Amino acid sequence: MLHPTKPAKTSHIENCLKNRHGPVVAATDYMKLYADQIRAFMPGRYSVLGTDGFGRSDTRRSLDIFLK
């Protein structure tokens, strides 16, 4: 968009994964949305695993028990 007369540039992620085959999985202790921001630059299948705010527990109730 910023240089329409020049060849399209590729992102750093695309350059790192261009010769790789298979799915890519991102695992984060943050919300899935954090790692999902780079989906547009990922070649092939991309799955994100995250805590979605619960962190150390799989449910809000478990988190409350953990914090007590």
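Fair warning: this is a prediction, and the values are worked out from it, not measured in the lab.

Right, let's get into the overall build of the protein. Counting its secondary structure elements, the protein contains 3 helices and 2 strands. Secondary structure elements of the protein occur, N-terminal to C-terminal, as α-β-α-β-α. When burial is assessed residue by residue, the protein has 15% of its 68 residues classed as buried. Residue pairs at least 24 apart in sequence account for 18% of intrachain contacts in the protein once pairs closer than 6 positions are excluded.

Attention now moves to the pattern of salt bridges. Considering all chains together, one arrives at 1 salt bridge under this definition. One salt bridge connects Asp 36 with Arg 39, and the closest N-O pair in it is separated by 2.7 Å. A relative accessible area of 29% places Asp 36 in the partly exposed class.

A few words on the nonpolar core. By size, the foremost hydrophobic cluster in this structure holds 5 residues: Ala 26, Ala 35, Met 42, Tyr 46 and Val 48. Beyond its immediate sequence surroundings of up to four residues, Met 42 is in contact with Ile 13, Leu 17 and Val 24.

Analysis parameters
- Residues numbered from 1 in each chain as written.
- Predicted model: local features only at pLDDT ≥ 70, side-chain atom pairs only at ≥ 80, totals over all residues.
- Heavy atoms only, no water.
- Helix = DSSP H or I, 4+ residues; strand = E, 2+ residues; numbered from the N terminus.
- Buried < 20%, exposed > 50% of the residue type's maximum accessible area, 1.4 Å probe, protein only.
- Contact = heavy atoms within 4.5 Å.
- Salt bridge = Lys/Arg side-chain N within 4 Å of Asp/Glu carboxyl O.
- Core = buried A, V, L, I, M, F, W, Y, C linked by side-chain atoms within 4.5 Å.

Nothing here speaks to function; it is geometry throughout.
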